[in-house]
Structure formats: C-alpha cells, structure tokens
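Understanding the architecture of this molecule
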Amino acid sequence: MILIGLKNIFARQLPNMPKEYIVRLLMDRKHKSVMVLRNNEVEGGIPLVVGGITYRPYHRQRFGEIAFCAISADEQVKGYGTRLMNHLKEHARDVDGLTHFLTYADNNAVGYFVKQSFTKEIYLEKDVWHGYIKDYDGVLLMECRIDPKLKYTNLASMISQQRQAIDEMIRELSNCQNVYQVAEFQKKEGGSSKNIRVEDIPGLRDAGWTSDQWGHTRYKLFSGSGDSVTKQKQLNALIRGLLKTMQDHTDAWPFIEPVDSVDVPDYYKIIKDPIDLKTIGKSVESEQYYVTLDMFVADARRMFNNCRTYNSPDTVYYRCATKLQAHFFSKVQAALQSGAKPQ
Ligand code: COA
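The protein chain is annotated in an unreviewed UniProt entry as histone acetyltransferase of Brassica napus. The Subcellular location (unreviewed entry) field of the UniProt record for the protein chain holds the comment "Nucleus". The protein chain has a UniProt comment under Sequence similarities (unreviewed entry) that states "Belongs to the acetyltransferase family. GCN5 subfamily."

**Examining the overall build of the protein chain**
Scanning the protein chain from N- to C-terminus turns up twelve helices and seven strands. Taking 343 residues into account, the globule formula puts the C-alpha radius of gyration at 20 Å, and the protein chain, at 33 Å, lies well above it. Projecting the C-alpha coordinates of the protein chain onto the three principal axes gives extents of approximately 85 × 55 × 45 Å. Looking at the protein chain residue by residue over its 343 residues, the buried ones come to 33%. Long-range contacts, defined as pairs at least 24 residues apart, comprise 64% of the intrachain contacts of the protein chain with a sequence gap of at least 6. Here the protein chain displays about 21700 Å² of accessible surface, and carbon together with sulfur accounts for 52% of that area.

**A closer look at the site of the ligand**
Neighbouring the ligand are 18 residues, the closest being V77, G79, T82, N108 and K115. Contact between the ligand and G79: an oxygen atom at 2.7 Å from a main-chain N or O atom of the residue. At a separation of 2.6 Å, a nitrogen atom of the ligand approaches a polar backbone atom of N108. Across the complex, the protein chains shield 72% of the 890 Å² of accessible surface that the ligand would expose by itself. Elements that contribute at least two residues to the shell around the ligand include exactly β3 (63-71), α3 (80-94) and α4 (107-115). With five residues, α4 is the single largest residue contributor to the shell around the ligand. Of the residues in the shell around the ligand, the class split is eight nonpolar, eight polar and two charged.

**Considering the packing of helix α10 (residues 277-286) against helix α11 (residues 293-310)**
Here α10 crosses α11 at 170°, and the two axes come no closer than 11 Å. One element, α10, and the other, α11, form an angle in the roughly antiparallel class. Touching L277, I280 and V284 of α10 are F296, D299, A300 and M303, all from α11. Per-class residue counts for the contact of α10 with α11 are six nonpolar, no polar and one charged.

**Notes on the environment of L14**
Within the fold, L14 resides in the loop between α1 (2-13) and α2 (19-27). In this structure L14 touches F68 and C69, once residues within four positions along its chain are discounted.

**A word on the packing of helix α8 (residues 228-247) against α10**
Between α8 and α10, the shortest axis-to-axis distance is 11 Å and the interhelical angle comes to 160°. Considering their axes alone, α8 and α10 lie roughly antiparallel with respect to each other. For α8 against α10, the interelement crossing comes out left-handed. Side by side, α8 and α10 meet where I239, R240, L243, M246 and Q247 of the first sit next to L277, I280, G281, V284 and E285 of the second.

**Notes on the packing of aromatic side chains**
Applying the stated criterion across every chain, the model contains 17 aromatic pairs. Ring centres 5.4 Å apart and planes at 85° place the aromatic pair Y290 and F296 in the edge-to-face group. Take F296: its relative accessible area is 0%, and that puts it in the buried class. Taken together, the ring pairs in this structure connect F255, Y289, Y290, F296, F304, F328 and F329 into an aromatic cluster.

**Points about a nonpolar patch on the surface**
Where nonpolar side chains cluster on the molecular surface, the patch consists of W253, I256, V316 and Y317 and spans about 370 Å² of accessible area. Considering the arrangement of structural elements, one finds V316 in helix α12 (residues 316-337). We classify V316 as partly exposed; its relative accessible area is 40%.

Scoring rules and cut-offs
- Residues numbered from 1 in each chain as written.
- Predicted model: local features only at pLDDT ≥ 70, side-chain atom pairs only at ≥ 80, totals over all residues.
- Heavy atoms only, no water.
- UniProt positions renumbered as here; feature names shortened; annotations may be inferred.
- Helix = DSSP H or I, 4+ residues; strand = E, 2+ residues; numbered from the N terminus.
- Rg over C-alpha atoms; globule rule 2.2 N^0.38 Å.
- Buried < 20%, exposed > 50% of the residue type's maximum accessible area, 1.4 Å probe, protein only.
- Contact = heavy atoms within 4.5 Å.
- Areas by Shrake-Rupley, 256 points an atom, 1.4 Å probe, with all protein chains shown as cover.
- Near = heavy atom within 4 Å.
- Polar contact = N/O pair within 3.5 Å; in protein donor to acceptor, adjacent residues only side chain to side chain.
- Nonpolar A, V, L, I, M, F, W, Y, C, P; charged D, E, K, R; others polar.
- Axes fitted to C-alpha atoms, helices over the stretch in contact; angles between N-to-C directions.
- Parallel < 35°, antiparallel > 145°, perpendicular 65-115°, else oblique.
- Left-handed = near helix turned anticlockwise from the far one by under 90°.
- Phe/Tyr/Trp six-rings, centres within 6.5 Å; stacked < 30°, edge-to-face > 60°.
- Patch = residues over 30% accessible without salt bridge, like charges linked within 9 Å, V, L, I, M, F, W, Y side chains within 5 Å.
- Salt bridge = Lys/Arg side-chain N within 4 Å of Asp/Glu carboxyl O.

Rendered as structure tokens:
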C-alpha cells in the first residue's frame, strides 16, 4: 500500500516514464525503495508518502542503480530530497555493501544530483557496470562514490561540531570575537561631531594597531624617515597634484560638479554612493580626510565606476570616464615610480 503511494508520486513527477514500467520496477523484488513517510498523517492506516528513491542493488558488482527519485510537488526544495539521499547512501553502504551509485539523470535533475555529490565523469571501470544497466538516449549517466565511513545521516551535527572546534581554535589565536559598540563609544565621547583620536577607538589597540601604523597604505609613497605630520603634508601635495591633472583634463567636464537631480531625476535612485571632483576637492582641502593614497584612488575609481554604471557604453559620458580614468592612473603610476613604490 505504501509502495502504491510512492508509485503515484513517481507517476506524477516523472511524466515521461510509462506508469506500467514504474509499477514493474517498484514491485520487483530485486528493487528496493527508501521513502520519506509522514507518520502523523495516516490515511486508512497508511502513512502519507512524501517521496522516495527506488534503486536496484547489484551486490556482487557493489554498485546500485537509482531508477526513480521524486518528492511530491508541494514538498520539494525543503530538504527532503537531500535527507532521502543521505539515508539511502548509508543504507546501501551498511546493509547492501555498495560502494557506488549510478543513475541516468535528465536535464532537470542534473542540478539536484550534482548537489548530492554525483559527477558527470564515470570513474567506475566500465566492465563493472556495463551490461548490468540499460543504456538510455538523451539522459546523462552520473556516478556517486559512497564514502566508506561518513555518517551521512548525522552530517548536520557533525558539521556543527567541526565548526565549533574551528571557532574555538580561532578564539585561542585571535581576539576577533570581541565586538565593540561604536554607537555607545560615540555617546560616551559626546556625539559624533567631536573629533575622535584614532588611538581612542575601542578595540583598535587590542587588534594589534600601533600609532606608527597611522595612514598605513599599500602604496609606500615616501622613502626615508619623517614624522607623520611631514608624511601627511607630502601626501596632501601629491593628492592635490593628482586632482589638478584630472580637473584640467578635457574629458573632466561631466565630473566637475555633482550630478543635478533636476536634470537627471533618476540618477540618485540608481547611484547610491555618488561622488564628483568638487566633493573630492573639498575632502582634499580639509587636509585630514585622505590619510592614504588608497582612499583618494578609491574615490576616483568610484566616480568612474558610477559613471559607467549609469551611462551606457555608447554615450559620451561613458567614454569620458574611461579616458579620464586612463589619464588619472597613468599619473598615479608616474607618481609612484618617481619616489613612491607600491609595497
Ligand atoms: N535542479 C537543480 N537543483 C535542484 C533541483 C533541480 N531540479 N531540485 C532540487 N535542487 C536543489 C535544491 O535547490 C537544493 O539546493 P540547496 O541545497 O543549495 O538549497 C538541493 O538541490 C537539494 O534540495 P532538496 O530540497 O533536498 O531536494 P527536493 O526535496 O526538492 O528533491 C528532487 C529533489 C529532484 C527529487 C525533486 O525536486 C523532484 O521530485 N523533482 C521531480 C522529479 C525528478 O526530476 N526526479 C529526478 C529524476 S529521477
């Protein structure tokens, strides 16, 4: 009776399979079926069938052929298919003594089987399976090797134990589990408008920061010694020069001012993090905002990327972005070569 319930699911979910063929294999004693049953939903003494897999174990060859596999339509993509496959693998290994599964998967099912560790490459020797299973046209033969030890039905708790063990090791080696509340710190320091010293930011020192890392950058700009004030001045001069070469360029006109939302009403709906040469200029003027060359380069790069996101490649704006960017990066490169090298 339960097998009839499973037959109905196969018949509905595998419409290309003749029903007589399904019944023949399902009722055949050489085939076995693994099922998901809902014991709390019983009809006429029979539990409701949610889905199942029918397979034929070839004991001597130590592989099994999956003939049908389906979950009822309203229960798919809830994890039942995976559970079913895990139970099947454990049963086939521990009870039937199998080491592999083979199955013919149609296009729709290949994705599911790949997620269950089936491969399109067949590693089993051909003479192990050839002649035992039928050839079909238009479907793909897939193979799965059953792990000899893995507790397939216990994967979730095994993975969570492994994750916990790794977490514990990470905690021993690092302090990344310490989370500092920036909002509370700002309240204590009297609001965000007050200037906050870098070294007072909670957790920074715990994370290994030292004051000589101020303005740490992947571009090593200025060789030789010099205090942080001198270095910041040199950086400001460099950035000022780079900004000017952009402002003076013939393709800079689309970037001089922020985009006007009256002229371009949807611009700020699409570009969530806008930037332009005027805004960059204000940050340069503050002399405190760009503490690394990377920050300045990142702003310029964002400006070019925003332009190419909003405008299509055949527009003059898009072309301006690409030309100005090439010019800008050639100047950055030149600056790095004359005394400043990437670290
Ligand atoms: N194609 C690609 N991926 C699929 C898929 C499909 N047809 N069906 C399920 N998946 C994915 C799921 O998204 C899920 O991915 P995730 O782990 O990243 O979330 C994973 O496979 C497992 O899903 P799960 O919920 O365990 O599977 P299921 O209960 O839906 O059962 C089938 C999968 C294939 C048995 C079921 O969808 C079904 O009965 N399909 C119709 C019959 C069929 O094609 N059978 C196979 C040939 S015999």
